[in-house]
Each structure stands twice: as C-alpha cells, then as structure tokens.
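Given next are the chains, with one letter for each unit.
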Amino acid sequence: MTQHYDTLRAVIWQDNQLYLIDQRKLPQEHQLISLDNAQDTAKAIHDMVVRGAPAIGITAAYGVVLAARAAYQQSPDNWMVTIAKDMEILANSRPTAVNLCWALQRMQALFSQITGNPESVLLAAAQKIQAEDIAANYFMGELGAGFLPEKSCVLTHCNTGSLATGGYGTALGVIRNGYAGGKITHVYADETRPWLQGARLTAWELVQDNIPVTLIVEGAAATLMRQGNISWVIVGADRITANGDVANKIGTYSLAVLARYHGVKFMVVAPSSTLDAQLSDGSQIVIESRSQAEVLMMNGQAIAATGAQAWNPVFDVTPAELIDVIVTEKGAVEKPTTEKMQKLFIA
Ligand code: MRU
C-alpha cells in the first residue's frame with residue numbers, strides 16, 4: 001500500500017555514471033547532473049546538490065566506485081594506495097552526518113578482498129547500501145507510524161524524504177506510512193531557513209504524493225503547538241550519539257523544547273548508519289558552519305542590511321531527555337538513555 005507514496009530517487013547509478021537530482025534547483029527545475037569522478041562528487045555533496053544524511057552516504061559510496069575506476073586505470077597494481085586521496089576528499093565533503101564516513105568505511109573494508117578490477121564489486125556494494133537504506137525506511141515507516149494516534153496532525157522539519165535518503169524517507173517515511181494508514185490527516189512543515197529544505201523539498205514531495213501539507217515559518221511552531229492540534233513532531237537525524245543525543249538540522253532543538261513545553265511528543269527516525277557509538281554524547285559532535293552569505297542573501301539577492309554579520313551553524317543537538325522515541329530499522333527506543341541505546345548499537 002505504501003509503495004504508492006514512493007515516487008522518486010535523488011541518487012541514481014546509470015550507464016556507468018552517477019546522477020544526482022540537483023536539489024538546489026527544486027522545485028522550480030528538476031535537473032539531473034552527471035558525475036564521473038570522486039572530486040566532483042565530493043563537491044556536489046559540499047555544495048548541497050545532494051543533501052540529507054543517508055543520501056550523502058549513498059552518494060559517497062558511489063563516489064568510491066568512481067574513485068576506484070580512476071585509481072585502477074592509473075595504477076592497476078596499486079589502486080588501493082592511489083585511491084586514498086579521493087577517499088579523503090570524499091570524507092571531508094561535509095562533517096556532521098556520520099552516514100558519510102560510515103559508507104566510506106563500509107566500502108573500504110572490501111578493498112583487501114578484491115583481486116583485479118575493483119569496479120564491479122564496489123558498485124554492487126554501493127547499490128546494496130542504497131537498497132538497504134530504502135528497506136530500512138519502509139520498516140521504520142511502519143514502526144514509527146505505530147506510535148501515532150488516529151487522525152493526527154504532525155509537524156516535521158527540514159527534508160527527510162526520498163530526496164534525503166536512498167528513497168522513501170526516514171521521518172517522511174513515517175509520515176507517508178501514517179498517511180497511507182489513516183493515522184495522519186495533515187502535515188505541517190517548517191520552511192527550514194536558510195536552505196528552505198522544508199519549503200522547497202518536503203512540501204514538493206508531499207504535494208506530489210497528494211498528502212496535505214501546510215508550510216510554516218519556524219517562528220510559528222510555538223503558536224501551532226499551543227493551538228493543540230499537533231500530536232507529534234517527527235524529524236530525521238544526522239548523527240545519534242551513544243546516549244541518544246541527536247544532531248539534526250538547525251531548529252530541531254527549538255522544536256524539541258517547544259514540544260516538551262506544550263505536551264507534544266517528539267520522534268526521531270534514522271537508520272542505524274546514523275548511529276555513532278564512538279561519541280558518548282552530543283557535545284562531541286562537529287557542527288557544520290556554512291557561509292554567512294546563506295543567511296544574508298536569498299536567490300543571489302541581499303536580504304539583510306549591508307554591514308550586518310550572520311551566524312550560520314547548520315545543525316544543532318537535541319538532548320536525549322527531550323526525545324520520546326528514536327526509531328531505527330533495528331528497533332525503537334523510548335525515552336533514550338545510554339543503557340537503552342545499547343540494544344541498537346549491538347543489534
Ligand atoms: O543540510 P542538510 O539538508 O543535509 O540537512 C539534512 C537534515 O538535517 C536531515 O534532517 C537529516 O539529514 C536527516 S535526512 C533523512
């Protein structure tokens with residue numbers, strides 16, 4: 001039944017090349033860009049052609065295929081050494097989403113088993129990462145929707161749909177499943193300044209699926225919650241630490257504080273590739289800071305007073321104590337603590 005609500009793929013491998021939907025252009029233009037080397041792939045990740053933690057990881061995995069192709073052409077006997085520079089460039093393309101390094105490590109773990117040309121083995125591995133991500137999203141969609149009461153209105157932040165993942169989505173997967181099953185009647189989406197992932201991408205995905213969506217500016221969330229018709233806030237994650245702290249798009253933490261104050265439940269939905277057992281809590285997460293221009297300008301036009309400065313951290317950390325449930329494909333953890341999170345890290 002939910003298949004109907006799965007409409008697009010942001011990351012596509014076809015004709016020996018990597019194609020990405022250029023998410024900077026949506027929703028006005030639906031353009032694919034093709035990539036045939038790892039450096040351009042890393043630049044596409046950095047420049048937000050593709051974004052969203054799982055989609056970044058999947059793109060990086062295909063980037064390894066392109067890197068291996070080049071390294072093997074250059075030095076068939078020594079490609080595992082030659083590839084190291086491209087691996088590093090890919091790893092440094094964006095810092096906060098752990099899915100990126102998770103995917104690179106998973107690809108790199110195969111190197112020593114490969115004899116001859118590595119491309120087909122690595123391509124199969126990248127495709128498997130994408131297929132597993134989609135399967136995880138369907139599973140989490142069902143699991144997460146199980147927490148929702150009938151006829152809910154929910155609020156989401158940023159974009160966590162097909163565009164941000166291998167396909168279907170994490171938080172948006174729960175919303176797709178919830179809508180298909182009659183649990184959700186209406187979705188509110190934060191516009192998500194400054195990149196407007198909510199306005200440009202989430203609203204676009206939901207409109208295409210005929211799921212009713214109302215856009216709000218972030219500042220309207222408190223009033224929306226006070227009116228009492230939001231039952232859950234449902235968001236994705238870029239990194240979840242051992243104690244259940246969650247890094248996600250800037251503004252997520254504010255929503256969690258508001259939700260607790262207003263008695264609204266707060267759900268985080270993410271595949272296990274977003275879990276980082278190395279970090280004990282969220283204070284250790286590197287938060288990406290992007291250029292001031294992203295805040296001071298819009299569509300190439302200055303929108304702020306000349307001379308004003310801007311501060312542009314693009315993620316924040318929501319403490320575990322503000323989260324009602326973390327949903328992964330390995331199961332759900334309610335009221336996360338380090339002890340309860342163990343079941344996800346060892347499963
Ligand atoms: O800067 P972005 O657009 O890459 O940030 C994306 C988010 O914060 C998403 O909520 C997160 O990656 C989860 S996507 C399933």
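Residues numbered from 1 in each chain as written. Predicted model: local features only at pLDDT ≥ 70, side-chain atom pairs only at ≥ 80, totals over all residues. Heavy atoms only, no water.

Peer 1: What is the right way to look at the sheet that holds strand β9 (residues 246-249) in this model?
Peer 2: For sheets, the rule is that strands pair by backbone hydrogen bonds, running either parallel or antiparallel. Pairing in this open sheet of four strands is mixed, and the strands run β11-β8-β9-β14 from one edge to the other. For this open sheet the edge positions go to β11 (275-276) and β14 (315-318), each flanked by a neighbour on one side alone. Where strand β8 (residues 239-241) meets β9, two bridges bridge the pair, whose relative direction is antiparallel. Considered in β9, the bridge of R239 is made with A247. Its contacts with the sheet place helix α10 (residues 252-262) against β9 and β14, and it is angled at close to 35° to β14. (Pairing = 2+ DSSP bridges. Helix = DSSP H or I, 4+ residues; strand = E, 2+ residues; numbered from the N terminus. Contact = heavy atoms within 4.5 Å. Axes fitted to C-alpha atoms, helices over the stretch in contact; angles between N-to-C directions.)

Peer 1: Could you clarify how one ought to interpret the site of the ligand in this entry?
Peer 2: The ligand sits among 18 residues. The nearest are R51, R94, Q197, N248 and K249. A53 has a polar backbone atom sitting 2.8 Å from an oxygen atom of the ligand. At a separation of 2.8 Å, an oxygen atom of the ligand approaches a polar side-chain atom of R94. Within the complex, the protein chains bury 100% of what would otherwise be the 410 Å² of accessible surface of the ligand. (Near = heavy atom within 4 Å. Polar contact = N/O pair within 3.5 Å; in protein donor to acceptor, adjacent residues only side chain to side chain. Areas by Shrake-Rupley, 256 points an atom, 1.4 Å probe, with all protein chains shown as cover.)

Peer 1: Explain the pattern of salt bridges here, please?
Peer 2: Between side chains of opposite charge, a pair can form as their charged atoms come close. Throughout the structure, instances matching the rule amount to 13 salt bridges. Between R176 and E205 there is a salt bridge; the shortest N-O distance is 2.8 Å. Separated by 29 residues along the polypeptide, R176 in helix α7 (residues 171-180) and E205 in helix α8 (residues 197-208) bring together distant segments of the chain. A relative accessible area of 0% places E205 in the buried class. In the salt-bridge network here, residues are joined through shared partners; they are R94, E288, R290 and E294. (Salt bridge = Lys/Arg side-chain N within 4 Å of Asp/Glu carboxyl O. Buried < 20%, exposed > 50% of the residue type's maximum accessible area, 1.4 Å probe, protein only.)

Peer 1: Looking at this structure, I do not really get the side chain of K249. What am I missing?
Peer 2: Note on placement: K249 falls in strand β9. Within the local environment of K249, its side chain forms a polar contact with the backbone oxygen of V314, the two atoms lying 3.0 Å apart. In this structure K249 touches H157, C158, T192, Q197, D238, V314, F315 and D316, once residues within four positions along its chain are discounted.

Peer 1: Could you clarify how one ought to interpret α7 in this entry?
Peer 2: In terms of burial, α7 is a largely internal element, nine of the ten residues being buried. For α7, the complete set of buried residues consists of A171, L172, G173, V174, I175, R176, N177, G178 and A180. Those residues of α7 hidden inside the fold are in contact with α6 (119-145), β4 (152-156), β5 (184-190), α8, β7 (232-235) and β10 (265-269).

Peer 1: Looking at this structure, I do not really get the UniProt feature "site: Transition state stabilizer" (unreviewed entry) in the protein chain. What am I missing?
Peer 2: If you check UniProt for "site: Transition state stabilizer" (unreviewed entry), the listed places come out as C158 in our numbering. By the element assignment, C158 lies in the loop between β4 and α7. Not counting chain neighbours up to four residues away, the residues in contact with C158 comprise R51, T192, Q197, G198, T202 and K249. (UniProt positions renumbered as here; feature names shortened; annotations may be inferred.)

Peer 1: Help me understand the UniProt feature "active site" (unreviewed entry) in the protein chain in this model?
Peer 2: Residues given the UniProt feature "active site" (unreviewed entry) here are D238. If you trace the backbone, D238 turns up in the loop between β7 and β8. By relative accessible area, which is 7% here, D238 ends up buried. Other than its neighbours up to four places away in sequence, D238 contacts A53, T96, A97, V98, N99, A247, N248, K249, T274 and F315.

Peer 1: Looking at this model, I keep getting lost on the nonpolar core. Mind explaining?
Peer 2: For soluble globular proteins, nonpolar side chains are generally found buried alongside one another. If you look at the biggest cluster of nonpolar residues, it comprises 45 residues, and the most contacted ones within it are V11, V64, I83 and M107. Counting residues per element, the ones that place at least two in this core are β1 (11-14), β2 (17-21), α1 (38-46), α2 (53-74), α4 (84-91), α5 (99-108), α6 and α8. By residue number, the principal contributor to this core is α2, which donates twelve residues. Dropping the residues within four chain positions of it, M107 is found in contact with A61, V64, V65, L122, A125, A126 and I129. Ranked by size, the runner-up nonpolar core spans 27 residues in total, among them I216, A256, L275 and L322. (Core = buried A, V, L, I, M, F, W, Y, C linked by side-chain atoms within 4.5 Å.)

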